[in-house]
Amino acid sequence: MSEVEEMLKRIQGHKGVIGIIVVNSEGIPIRTTLDNSTTVQYAGLIHQLSNKARSVVRDIDPQNDLTFLRIRSKKHEIMVAPDKEYILICIQNPSDN
Amino acid sequence: MPVAAKPALKKPVDTMSSQGLASKKASKGGKGKTPRGKDMDDMSEMGEVGDEWMQQKTMVKPDDQLELTEQEMKEEFTRILTANNPHAPQNIVRFSFKEKVFKQVASVDQLAIHFTLDGNMLHKDSDEARRQMARGGLAEAAPSEPAVAEGEEKAEPAAEGGEGEAKPEGEGGEAEKEEGATQTAPAAKDGSKKLTNQFNFSERASQTFNNPYRERGTQTEPPPRVNFSSTANQWEIYDAYAEDIQRQEKSKEKKGFRGQQESTSRKKISAIESQGDDISRIEKPAKILERMVNQNTYDDIAQDFKYWEDVSDEYREQEGTLLPLWKFSYEKSKRLAVTSICWDPKYRDLLAVGHGSYDFLKQTRGLICLYSLKNPSFPEFIYNTETGVMCLDIHPAYPHLVAVGFYDGSVGVFSLTEKLQEPMYKCTAKGGKHTDPVWEVKWQKDDLDNNMNFFSIGGDGRVVSWTLVKNELLCTDVILLKLDESPADGADGTQLFTLGCGTAFDFHKQTDYLFLVGTEEGKIHKCSKAYSSQFLDTFDAHHMAVHSVRWNTFHPKIFLSCSADWTVKIWEHTSNMPLFTFDLGSSVGDVAWAPYSSTVFAAVTSDGKVHVFDLNVNKYEALCEQVVVTKKKTKLTHIEFNPNYPMIIVGDDRGYVTSLKLSPNLRKIPKEKKGVEAAKGPEVEIAKMDKLLSLVREPPPEKK
């Protein structure tokens, strides 16, 4: 259990990472390192997008499944790692020097 | 009412009339109008009655009567007669399930039913009537007709007789006749019923007072509603089927499974697991996320790893470069030297690093870290050990088993799938562990009993074979590294051998039993697993300890050795003299052959340099000599080529493992002719080597 906690801490402390959000299958954020309003916004929007992306992948081939989703924007990159019950979202600024 | 009123009124009128008369007469003065008086009396009686009545009418005024002004009194109010039912409710509200609100019903039923009577007349041609008649029977129809006729006849004389009688009676008679007829008809049907007298029979009906109906209704609260939505995609259907199949398989397993208790206990365990801490269930996505973050951070390195080819190599024929890629380190390993590195044979991105200390005086704990190329910032697996790890090897067939040799002479086998910090198997002091540090371990093929086994070589001069039997390690001495040919005489007359110190060994790729042993004295022994007391051959290779011996990847006769005496030597195992000797200017920590070419090898030295040679290109010099460490005074301890990718990893004594990409010049596969693609394969490599050797070798004697 603590291994996972440490892993999350490591990710949070990694270069350029702005924040991490853990969202459950209903779109409710469980754990976050960002402020409340941002978290709620990200959780709701990303959760829908992730489900849609997964639906796309699986519709094409039901034996396939979504591993991860990256949304790169001008300012930063949103990385989404979906799971059966949870979705992990991480916002990183990749070119942060 | 007026008829009744009059006698009632008369009494009071009489009393009052006398008073009134008296008063009136008194008032009028009695003008002798007696006739009028009489009339007046008569009339006045009436008039008085009327007066009194009227007076009574006007005099009474209730207290709470509205005081209205004259204008208001003249105001006209229109009154409209409507057909509305005063008893009907005016506002009925119903819950609309469609709109989920309470809504007023627009029009309320104004129909008021005062009396209903259900009739029981049937049309004689209707089904029911026919059925009844059928029940009664057609035979009955015949008597009913004459009965009716009789009735009519009776009625006629009755009617005739009763002409003078009042009409209602005649009508009554007719009614009676009808009744009689209907009565006689059923009577005739039954035959047993008493015939009622049609003249005297009268029916009386009365109606009770019907209570007025009131309608009452109740409405329950609308049930709570929840929105439900779902999709039916191809994958959802697939999932449902997959689940179903799983369930079926499980039920089949349970049927075949004898221990039902175990299955229930499994259920309990699985239930507990599912209720377990939430955080642990996001382990997998957290891992993926970590790798993604790392990929972003080290994006340029990853791109280089995949795609970078040093373009300048085209202009430099005999030179190559090493491009530094990732650097693996773990915070707790920074004090420890890298004592061993090994690539995982199955998972192409996994590498194992053993940490320990080469310093005899500073012996602390050890560490085993397994890194993945996908996550260079943190190891995938970490094992802490009490003593320094000197060597490790990953089983080629079972990549979760790692054999480890320790500084204290013991060996152990770690299993990566078990979440233990302890080795799964560990040898004991009784079990024949080495009395000096174990310098190398190597997995071998499974023995005849299908038990896994590995070899280890230690500083105590023993080469030991360890077999994994159930939970133990059984050891067998394979060979003892005796120094002298002749044994010294011991006290009891037994023969004592002085044992050398083994520092390196390597097994032949093709012939299983053949292996080489390097010693601290600088000798290399060629041994066979079959002969435990004698060496097949000995090479006086170096002046100082041999750090590493390696058989060539392709050519069966060539091997490399490196030593602390700054040299790297290439040998053919049939000859006593080295074919090539290279002086690298500093103690050589390790050498390795390239997996893709029989003529390429690399060496690392304690001055932090990596030397890469390609004998096909340049027999005397390295193609590349590059310092790969950032701090001076860092010694490089080990080197390994990646079997799949063009990269090498180098371990140093500060606990870092650096990965480097080989430039194209260093991975040349020579072309036979221009335009023809070079054939790949061991045969070609061997031929290449042979060609090379023929240039170097002295003309071989006839035997060889």
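Everything below is about the structure shown above.
Below: a short report on this structure. (Residues numbered from 1 in each chain as written. Chains lettered and ligands numbered in written order. Predicted model: local features only at pLDDT ≥ 70, side-chain atom pairs only at ≥ 80, totals over all residues. Heavy atoms only, no water.)

## A closer look at the overall build of chain B
Part 1 of the reasoning: Summing up its helical and strand segments, chain B has eleven helices and 32 strands in all.
Part 2 of the reasoning: The proportion of buried residues among the 704 residues of chain B is 37%.
Part 3 of the reasoning: Long-range pairs, those at least 24 residues apart, make up 49% of the contacts in chain B between residues at least 6 apart in sequence.
Part 4 of the reasoning: When the accessible surface of chain B is summed, it comes to about 45900 Å², and 53% of that surface belongs to carbon and sulfur atoms. (Helix = DSSP H or I, 4+ residues; strand = E, 2+ residues; numbered from the N terminus. Buried < 20%, exposed > 50% of the residue type's maximum accessible area, 1.4 Å probe, protein only. Contact = heavy atoms within 4.5 Å. Areas by Shrake-Rupley, 256 points an atom, 1.4 Å probe, with all protein chains shown as cover.)

## Considerations on the interface of chain B and chain A
Part 1 of the reasoning: At the junction of the two partners, chain B supplies 27 residues and chain A supplies 34 residues.
Part 2 of the reasoning: One salt bridge connects Arg58 of chain A with Asp239 of chain B, and the closest N-O pair in it is separated by 2.6 Å.
Part 3 of the reasoning: Taken together, the connections running from chain B to chain A amount to 14 residue pairs in polar contact (both at pLDDT 80 or more).
Part 4 of the reasoning: Counting only elements with at least two residues in the side of chain B that touches chain A, the list comes to α7 (234-256) and α9 (283-297) of chain B.
Part 5 of the reasoning: When the residues that make up the side of chain B that touches chain A are grouped by side-chain class, the tally is twelve nonpolar, eight polar and seven charged. (Salt bridge = Lys/Arg side-chain N within 4 Å of Asp/Glu carboxyl O. Polar contact = N/O pair within 3.5 Å; in protein donor to acceptor, adjacent residues only side chain to side chain. Nonpolar A, V, L, I, M, F, W, Y, C, P; charged D, E, K, R; others polar.)

## A word on the pairing of strand β14 (residues 462-469) of chain B
Note on strand geometry: in a regular strand, side chains alternate between the two faces of the sheet.
Residues and elements named next belong to chain B.
Part 1 of the reasoning: The buried fraction of β14 is high, at seven of eight residues.
Part 2 of the reasoning: Connecting the antiparallel pair strand β13 (residues 453-458) and β14 is a turn made up of three residues, with Gly461 showing a positive phi of about 85°.
Part 3 of the reasoning: Counted between consecutive antiparallel strands, the loop separating β14 from strand β15 (residues 472-480) contains two residues, among which Lys470 sits at a positive phi close to 50°. (Pairing = 2+ DSSP bridges.)

## Thoughts on unusual backbone geometry
All names here are of chain B.
Part 1 of the reasoning: At Lys100, a position not held by glycine, the phi torsion is positive, near 55°.
Part 2 of the reasoning: The topology assignment puts Lys100 in the loop between β1 (93-96) and β2 (101-104).
Part 3 of the reasoning: Backbone geometry places Asn450, a non-glycine residue, at a positive phi of 65°.
Part 4 of the reasoning: Mapped onto the fold, Asn450 is located in the loop between β12 (438-443) and β13.

## Points about the packing of aromatic side chains
Residues and elements named next belong to chain B.
Part 1 of the reasoning: The full count for this structure, using the stated rule, is 23 aromatic pairs over all chains.
Part 2 of the reasoning: Residues Phe95 and Phe102 carry aromatic rings whose centres are separated by 5.1 Å and whose planes lie at 65° to one another, so their mutual orientation is edge-to-face.
Part 3 of the reasoning: For Phe95, a relative accessible area of 14% translates into the label buried.
Part 4 of the reasoning: A residue is classified by how much of its surface remains accessible, and Phe102, at 53% relative accessible area, is exposed.
Part 5 of the reasoning: Here the aromatic rings of Phe539 and Trp571 are separated by 5.5 Å at their centres, their planes lie at 55°, and the arrangement is tilted. Of this pair, Phe539 sits in strand β21 (residues 537-540) while Trp571 sits in strand β24 (residues 567-572), and the two are 32 residues apart along the sequence. Of the two residues examined, Phe539 and Trp571, each falls in the buried class.
Part 6 of the reasoning: A connected cluster of aromatic rings, assembled from ring pairs, spans Phe580, Phe582, Trp593, Phe601 and Phe613.
Part 7 of the reasoning: In this arrangement the basic side chain of Lys327 is found over the ring face of Tyr656, its NZ or CZ atom lying 4.6 Å from the centre. (Phe/Tyr/Trp six-rings, centres within 6.5 Å; stacked < 30°, edge-to-face > 60°. Lys NZ or Arg CZ within 6 Å of the ring centre and 35° of its normal.)

## Overview of the pairing of strand β23 (residues 558-563) of chain B
Residue and element names in this part refer to chain B.
Part 1 of the reasoning: When you tally the buried positions in β23, you get six out of six residues, the bulk of the element.
Part 2 of the reasoning: Because side chains alternate across β23, one face comprises the buried residues Ile558, Leu560 and Cys562, and the other comprises Phe559, Ser561 and Ser563, equally buried.
Part 3 of the reasoning: Direction of pairing for strand β22 (residues 546-551) relative to β23: antiparallel, over a ladder of five bridges. Pairing of Val546 across the sheet is with Ser563, part of β23.
Part 4 of the reasoning: Both β23 and β24 contribute to a ladder of five bridges, which runs antiparallel. Bridge pairing in β24 links Ser561 to Lys569.
Part 5 of the reasoning: From the end of β23 to the start of β24, which pair antiparallel, there are three residues, and Trp566 there has a positive phi angle of about 75°.

## Observations concerning the sheet that holds strand β10 (residues 411-415) of chain B
All names here are of chain B.
Part 1 of the reasoning: Read across the open sheet, the four strands follow the order β8-β9-β10-β11; overall the sheet is antiparallel. At either margin of the open sheet sits one strand with a lone partner, and together these are β8 (389-394) and β11 (425-426).
Part 2 of the reasoning: In this sheet, β11 lies alongside β10 in antiparallel orientation, the contact comprising two bridges. Across the sheet, Gly412 pairs through a bridge with Lys426, a residue of β11.

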